[in-house]
Every structure is written in C-alpha cells, then in structure tokens.
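# What the coordinates show
These are the residues of each chain, in order.
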Amino acid sequence: MYGLHHDPKIWGDPFNFRPERFLDSNGKFVKHAALLPFGAGKRSCLGEVLARNNLFLFFTGVMQRYSMKVPDGHPRPSEVGEGGLSIAPKRFEIKVKVRN
Ligand code: HEM
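Keep in mind that what you see is a predicted model, and the values were worked out from it rather than measured.

## Let's talk about the packing of aromatic side chains
Per the stated rule, a full pass over the model turns up one aromatic pair. Relative to Phe 22, the ring of Trp 11 has its centre 5.9 Å away and its plane inclined at 65 degrees; by these criteria the two rings are edge-to-face. One end of the pair, Trp 11, is in helix 2 (residues 8-11); the other, Phe 22, is in the loop between helix 2 and helix 3 (48-65), with 11 residues separating them in the sequence. What makes Trp 11 buried here is its relative accessible area of 9%.

Right, dumping it as structure tokens:
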C-alpha cells in the first residue's frame, strides 16, 4: 500500500500535497487507477462505504468548526510517517482556533 501510493513513477511527486492532481482541466474529479486505499477486487475492504462516510463527516465537521495552523517558529509536519502496527504521523505542533 505504502509503495503503491508513494511510487514516483506513478505520482511524480508523491510527497507533495497536491489534491488537484485528481482533477481534470474542468475541475472535475477523475478516479486514478492506482489510488487503491481500500484494496481492489474480491477481497477489497468491506467497510469502505462506512469508512468513507465517517471520514467525510469527521473531517468536514472539524474543518467547519476549527481553523488550524503551524505555530510560528515550528516546522511543518513531516510527510514521512512513523512505523508501527500502521504508519502514523510523527509528532507535530499545531495551533487550533474555533471558527466564528
Ligand atoms: C480508512 C479506513 C479503512 C481503510 C483504509 C481500509 C483498508 C482496507 C484494505 C486495504 C483492505 C485489504 C483489501 C485487500 O486485501 O485487497 C481491507 C480489508 C477489509 N476491511 Fe477495511 N479499511 C478501512 C476501514 C474498514 C472498516 C470501517 C471496516 C468494517 C467496519 C473494514 C472491514 C474490512 C474487512 C472485513 C476486510 C477484509 C475483506 C476480505 O478479506 O474479504 N475496513 N480494508
């Protein structure tokens, strides 16, 4: 999974956060054949719809209520994760403000 989603031969610049890579020239979403976070085929993830809906509700809920920025003088969070049972982000500092 990590190799597939970080392969420079497929993505060019996999470590750059560039969501517009999934949009066509009219701004419409285009599904990329190599984007497979839930696997593929007969054994693909059974919880995909539940997971996608929950992630959407959680992420949009947080973004609607709070704004976030890296505090002055602190580095941006690393794009390289930390290994364990799964790959998790390294520790980072973030300033969270309630939106008005
Ligand atoms: C962001 C959340 C999730 C991600 C990224 C994810 C990803 C995956 C991946 C990559 C596989 C293996 C697919 C393969 O072998 O090709 C898988 C299998 C599976 N997932 Fe998820 N999953 C997520 C959430 C969930 C949830 C919420 C459930 C259940 C409520 C779930 C249930 C399953 C089950 C039962 C399988 C095994 C399917 C089988 O082997 O036939 N997953 N998932």
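## Thoughts on the site of the ligand
If you check the shell around the ligand, you find 13 residues, and the closest are Pro 37, Phe 38, Arg 43, Cys 45 and Gly 47. At a separation of 2.8 Å, an oxygen atom of the ligand approaches a polar side-chain atom of Arg 43. Looking at the shell around the ligand, its residues break down into nine nonpolar, three polar and one charged.

## Focus on the side chain of His 5
Within the fold, His 5 resides in helix 1 (residues 2-5). Note on His 5: relative accessible area 19%, which makes it buried. Within the structure, the side chain of His 5 is placed 3.0 Å from the backbone oxygen of Met 1, a separation counted as a polar contact. Contact partners of His 5, with chain neighbours within four places excluded, come to Trp 11, Pro 14, Ala 34, Leu 35, Leu 36 and Pro 37.

## Re a nonpolar patch on the surface
On the surface, a nonpolar cluster with roughly 740 Å² of combined accessible area is contributed by Phe 59, Met 63, Tyr 66, Met 68, Phe 92, Ile 94, Val 96 and Val 98. Elements that contribute at least two residues to the nonpolar patch include exactly helix 3, strand 1 (66-69) and strand 2 (95-98). Within the secondary structure, Ile 94 sits in the loop between strand 1 and strand 2.

## Observations concerning the layout of surface pockets
Regions of empty space are outlined by a rolling probe, equal in size to a water molecule, passed over the atoms. Size it by volume and the largest pocket reaches roughly 1900 Å³. What lines the largest pocket is a set of 37 residues, among which His 6, Pro 14, Asn 16, Phe 17 and Arg 18 lie closest to the centre. When residues of the lining of the largest pocket are traced back to their parent elements, those giving at least two are helix 1 and helix 3. Of the residues assigned to the lining of the largest pocket, the class counts are 25 nonpolar, six polar and six charged.

## Quick word on the UniProt feature "binding site: heme" (unreviewed entry) in the protein
Sequence positions flagged by UniProt for "binding site: heme" (unreviewed entry) are, in local numbering, Cys 45. Note that Cys 45 resides in the loop between helix 2 and helix 3.

## Some details on the environment of His 5
The spacing of His 5 and Leu 36 is 31 residues in sequence and 8.0 Å in space, taken between C-alpha atoms. Separated by 2.9 Å, the side chain of His 5 and the backbone nitrogen of Leu 36 make a polar contact.

## Details of the side chain of Asp 7
Among the structural elements, Asp 7 can be located in the loop between helix 1 and helix 2. Salt bridges are absent for the buried Asp 7, whose nearest opposite-charge side chain, Lys 9, sits at 4.4 Å. There is a polar contact of 2.8 Å between the side chain of Asp 7 and the backbone nitrogen of Lys 9. In contact with Asp 7, other than residues within four places in its own chain, are Gly 12 and Pro 14.

Definitions and limits used
Residues numbered from 1 in each chain as written. Predicted model: local features only at pLDDT ≥ 70, side-chain atom pairs only at ≥ 80, totals over all residues. Heavy atoms only, no water. Phe/Tyr/Trp six-rings, centres within 6.5 Å; stacked < 30°, edge-to-face > 60°. Helix = DSSP H or I, 4+ residues; strand = E, 2+ residues; numbered from the N terminus. Buried < 20%, exposed > 50% of the residue type's maximum accessible area, 1.4 Å probe, protein only. Near = heavy atom within 4 Å. Polar contact = N/O pair within 3.5 Å; in protein donor to acceptor, adjacent residues only side chain to side chain. Nonpolar A, V, L, I, M, F, W, Y, C, P; charged D, E, K, R; others polar. Contact = heavy atoms within 4.5 Å. Patch = residues over 30% accessible without salt bridge, like charges linked within 9 Å, V, L, I, M, F, W, Y side chains within 5 Å. Areas by Shrake-Rupley, 256 points an atom, 1.4 Å probe, with all protein chains shown as cover. Salt bridge = Lys/Arg side-chain N within 4 Å of Asp/Glu carboxyl O. 1 Å grid on protein atoms, 1.4 Å probe; cavity = no way out; pocket = protein on both sides within 12 Å on 5 of 7 lines; lining within 4 Å. Points joined across faces, edges and corners; volume = space filled by probe spheres on them. UniProt positions renumbered as here; feature names shortened; annotations may be inferred. Lys, Arg positive; Asp, Glu negative; His and termini not counted.

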